[in-house]
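Structure at a glance
Take a look at the letters that make up each chain.
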Amino acid sequence: MAHAADTGRLRAFRLLSRLGSILVCIALWQFASVLHLNLGVVTFRNVPAPTEVAQSAIVLMKSPKLLARISSSLYRVFAGYGAAALIGIALGFAIGRSRAAGDLLLPPLEVLRPIPAVAWIPLSILMFPSSELSMIFITFIGALFPIILNTVHGVANVDRRLIASARSLGGTPIAILREVVLPGAAPSIVTGLAIGMGTSWFCLVTAEMIAGQFGIGYYTWEAYTLQNYADIIVGMLVIGLLGMGSSWLLTTLGEFLMPWRRPAAAR
Amino acid sequence: MNVRVTDTAARSVGRIHVAHISISLGSGANAFEAVSGLDFAVAPGELVCVLGPSGCGKSTLLGALAGHLTIASGRLTIDDQPVAGPRPDLGMVFQQHTLFPWKRVRYNVAFGPKMRGICKAERLRAADEILDLVGLAGFETFYPSQLSGGMLQRVEIARVLINQPRVLLMDEPFSALDAQTRSMMQEVLLDIWTKIPTTTVFVTHDIDEALFLADRIIVMSARPGRVLEDIRLQFGRPRLPELVTEFEFVRLKRHVLNLLRRPDGAAPLARLNPLGVEAK
């Protein structure tokens, strides 16, 4: 009993020290910006204090534009990312399962892969009729490659003894694809989806800063040009929260779809 | 279950004919003959152990019987039909279990009937029934990762037997288990085999295991594998653990040991498996 109380106290202490660490950071920030601290290389002269940021955040939250800004960003991410997930998984399956498809599809993809998605921005503005579509395309490109590569990896590495065994048990090629290859590759596919989610947010924010109207990346950049410095940090925090929310969504989805991988699988 | 037993006996299915087969593995400069000019037959319902040193091609032979490997020459028939590829009536149990980690035990076992288009209620009922027979009642809803090595091989056997195979092909199925579990599993296998008499070809390099289980032992030479000797065992059934200390058992063990003695200085051969060379 004493032991349980001890671990409880230890846990409370660790929680407090983690919380304290964040508070200390915010206090240092407040201190640096109020004093307009200048360290030579970096200056806090134009950095708004946390108190100002909090005020701006409250203003933004009360503003009716918040929902419009967030939802236009979310729409772009989910359109681009969704298309990348569908096409990436399909291509990954084809390449991983068939040598002919690999020979046909891999060379152009290998050529395009090293080009960072952000480098596509000028060309995509030229290629697409609206800046909306070009931004969706950038998010798509950003997510596509990690999804394809991880799907190929997962599909190609499914234990071939499992496939042999499924054939022995009467599985047709289609059934083996559905019952063995798909679940076997699932962990790797989910990893690709998670990496792709991160890169597509990154690409979206960049694209919005350059080409956007509305959207949370645009909001952040607009704050800079209008010299609403506190809003810059509010924008950054919102982007962080949205990214965190989407990766939480993916992890939860992964756990829901792959119950056999839970530490204590439900009986 | 009883219906199936009388069925199998009456139809006397599971006759294996191996006539002068050779199997080549590898490709190009690395190609080699794993099995050469092998001849033997197995009668319906017989339990035959194929015994030989590591890399002698006994697992390769099993791979060909299961339809995973094609033979280079000779003739291989099961109930007078040539083996053209893997089929559910050629049941194969691998050394390391091949259960699907994402399926609960009963869905793993029900995989074969699902592929045959049996309705869900019916196939799950059959799966639970056969799981009970292999001694795993109560574990139907577990995932494979929650079971011990011996239990996993029981599920594997159940998953194959639910298809009512003509032959049961086992590739050193107990060699990855600890000694105690292994001897328990040997008794479990004999018990199942008594309830569902199926022609069984059991590959092993463990002489005790072969002597304990088999009606007949086919001793193979080092690669390329040939039949060194075909030994018919006269021990009665059911086999009891004390058998291994009987005089006749020990005498046969000494005899087989002598047959399998490797010449001094010969390099050990790479391990083979039923799917070809060195694959995981």
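Only a predicted model underlies this, so the values are computations on that prediction, with no experimental measurement involved. (Residues numbered from 1 in each chain as written. Chains lettered and ligands numbered in written order. Predicted model: local features only at pLDDT ≥ 70, side-chain atom pairs only at ≥ 80, totals over all residues.)

**With respect to the overall build of chain A**
To keep things clear, this is the line we draw: Segments assigned H or I by DSSP are reported as helices when at least four residues long, segments assigned E as strands when at least two residues long, and all are numbered from the N terminus. When we talk radius of gyration, it's over C-alpha atoms, and the globule rule is simply 2.2 Å times the number of residues to the 0.38. With C-beta atoms placed from the backbone, a residue is labelled by how many other C-beta atoms lie within 10 Å of its own: buried for 20 or more, exposed for 12 or fewer, partly exposed between the two. What counts as a contact is two residues whose backbone-derived C-beta atoms lie within 7 Å of each other.
Counting its secondary structure elements, chain A contains ten helices and zero strands. Scaling as 2.2 N^0.38, a compact globule of 267 residues should have a C-alpha radius of gyration of about 18 Å, whereas chain A reaches 24 Å, well beyond that. Overall, the C-alpha framework of chain A stretches about 75 × 70 × 40 Å when taken along its three principal axes. Here chain A holds 267 residues, and 35% of them are scored as buried. Put simply, 70% of the contacts in chain A that link residues at least 6 apart link residues at least 24 apart.

**Observations regarding the overall build of chain B**
Of the regular secondary structure elements, chain B holds nine helices and twelve strands. In terms of overall dimensions, chain B is globule-like: its C-alpha atoms have a radius of gyration of 18 Å, near the 19 Å expected for 280 residues. Each of the three principal axes of chain B carries a C-alpha extent, and together these read 55 × 50 × 40 Å. In chain B, which comprises 280 residues, the proportion classed as buried is 43%. A separation threshold of at least 6 residues defines the contact pool for chain B, and within that pool the share at least 24 residues apart is 74%.

**With respect to the domain arrangement of chain A**
Often, the extent of an interface is quoted as the loss of accessible area upon association of its parts. The following threshold applies: Where a domain begins and ends is set by an automatic assignment or by a domain database.
When the domains of chain A are assigned, the result is domain 1 (1–47) and domain 2 (51–261). One C-alpha centre belongs to domain 1 of chain A, the other to domain 2 of chain A, and the line joining them spans 33 Å.

**Focus on the interface of chain A and chain B**
Definition in use: Side-chain classes are defined by residue name, with Ala, Val, Leu, Ile, Met, Phe, Trp, Tyr, Cys and Pro counting as nonpolar, Asp, Glu, Lys and Arg as charged, and the others, Gly among them, as polar.
Each partner contributes residues to the interface: chain A has 17 residues there, and chain B has 24 residues. Elements that contribute at least two residues to the side of chain A that touches chain B include exactly α7 (160–168) and α8 (173–211) of chain A. The element best represented in the side of chain A that touches chain B is α7 of chain A, accounting for seven residues. Classifying every residue of the side of chain A that touches chain B gives nine nonpolar, four polar and four charged.

**Some remarks on the pairing of strand β7 (residues 167–171) of chain B**
Residues and elements named next belong to chain B. The condition that has to hold: Two strands qualify as a pair provided that DSSP identifies no fewer than 2 bridges between them. When the strands point away from the viewer, a crossover counts as right-handed if the route from the first strand across the helix to the second turns clockwise.
Of all five residues in β7, five are buried, a share of seventy percent or more. Pairing of strand β6 (residues 90–93) with β7, which is carried by four bridges, proceeds in the parallel orientation. Across the sheet, methionine 92 pairs through a bridge with leucine 169, a residue of β7. Of the pairings in the sheet, the one linking β7 to strand β8 (residues 199–204) comprises five bridges and is parallel in character. Looking across to β8, one finds that valine 167 is bridged to threonine 199. Crossover connection from β7 via helix α7 (residues 179–195) to parallel β8: handedness right-handed.

**Comments concerning the nonpolar core**
Spelled out, the test is: To form a nonpolar core, buried Ala, Val, Leu, Ile, Met, Phe, Trp, Tyr and Cys residues must be joined through C-beta atoms within 7 Å.
Grouped together as the largest cluster of nonpolar side chains are 127 residues, with contacts concentrated most on Ile138 of chain A together with Leu51, Leu65, Leu169 and Val201 of chain B. Residue contributions to this core peak at 15 residues, all from α8 of chain A.

**Description of the sheet that holds strand β2 (residues 32–42) of chain B**
Residues and elements named next belong to chain B. Selection rule: Only the stretch in contact is used when a helix axis is fitted, and all axes are lines through C-alpha atoms; the angle between N-to-C directions ranges over 0 to 180 degrees.
Read from one edge of the open sheet, four strands run β2-β1-β4-β5, paired in antiparallel fashion. Looking at which strands have only one partner, the edges of the open sheet turn out to be β2 and β5 (81–82). Direction of pairing for strand β1 (residues 16–25) relative to β2: antiparallel, over a ladder of seven bridges. Looking at the pairing, isoleucine 23 lines up with valine 35 of β2. Lying over the sheet, helix α2 (residues 58–66) contacts β1, β2 and β4 (73–78), oriented at roughly 115° with respect to β1.

**Brief notes about the sheet that holds strand β3 (residues 47–51) of chain B**
Residue and element names in this part refer to chain B. One open sheet holds the six strands; their spatial order is β6-β7-β8-β3-β9-β10, and the pairing between them is mixed. With partners counted over all chains shown, the strands left at the sheet margins are β6 and β10 (227–232), one partner each. Neighbour-to-neighbour, the strand axes of the sheet open up by a mean angle of 15°, direction not taken into account.

**Digging into the packing of helix α2 (residues 50–62) of chain A against helix α10 (residues 229–257) of chain A**
Residues and elements named next belong to chain A. Note the following rule: Under this scheme an angle from 65 to 115 degrees is roughly perpendicular, one under 35 degrees roughly parallel, and one over 145 degrees roughly antiparallel; angles in between are oblique.
One can describe the packing of α2 onto α10 by two numbers: an axis separation of 8 Å at closest approach and a directional angle of 70°. Taken as axis vectors, α2 and α10 run roughly perpendicular relative to one another. Of the residues in α10, those in contact with Glu52, Val53, Ser56, Ala57 and Leu60 of α2 are Ala230, Asp231, Ile233 and Val234. The class makeup of the residues in the contact of α2 with α10 is six nonpolar, one polar and two charged.

**Re the packing of helix α3 (residues 65–97) of chain A against α8 of chain A**
Residues and elements named next belong to chain A. Note the cut-off: Helix crossings are classified by the rotation of the near helix relative to the far one: an anticlockwise turn of less than a right angle makes the crossing left-handed, while a clockwise turn makes it right-handed.
One way to put it is that α3 packs onto α8 with a least axis distance of 9 Å and a crossing angle of 140°. Note on packing geometry: the crossing formed by α3 with α8 is right-handed. Taken together, the residues of α8 that come into contact with α3 (itself represented by Ser73, Arg76, Val77, Gly80, Tyr81, Ala84, Ala85, Ile89 and Arg97) are Val181, Ile189, Leu193, Gly196, Met197, Ser200, Trp201, Leu204 and Glu208. The class makeup of the residues in the contact of α3 with α8 is eleven nonpolar, four polar and three charged.

**Digging into unusual backbone geometry**
Residue and element names in this part refer to chain B. Omega for the bond connecting arginine 237 with proline 238 falls within 30 degrees of zero, at -5°, which places this linkage in the cis form. In this structure, proline 238 sits in the loop between β10 and α9 (247–260). With a phi angle near 50°, aspartate 79 is a residue other than glycine that sits in the positive phi range. Summarising the element assignment, aspartate 79 is placed in the loop between β4 and β5.

**Description of the confidence of the model for chain B**
Basically, it comes down to this: Each residue gets a pLDDT score, which is the predictor's confidence in that residue and runs from 0 to 100.
Averaged over every residue, the pLDDT of chain B is 89; residues scoring 70 or more account for 92%. Interface confidence in the predicted complex, given as ipTM, is 0.87; pTM for the same model is 0.83.

**Quick look at the domain arrangement of chain B**
All names here are of chain B. Under the domain assignment used here, chain B contains domain 1 (2–89 + 167–262 + 270–277) and domain 2 (99–164). Centre-to-centre, using C-alpha coordinates, domain 1 lies 24 Å away from domain 2. In this complex, domain 1 contributes 15 residues to the contact, which on the side of domain 2 involves 13 residues. The greatest single-element share of the side of domain 1 that touches domain 2, amounting to six residues, is contributed by α7. Its residues assigned to classes, the side of domain 1 that touches domain 2 comprises eleven nonpolar, one polar and three charged.

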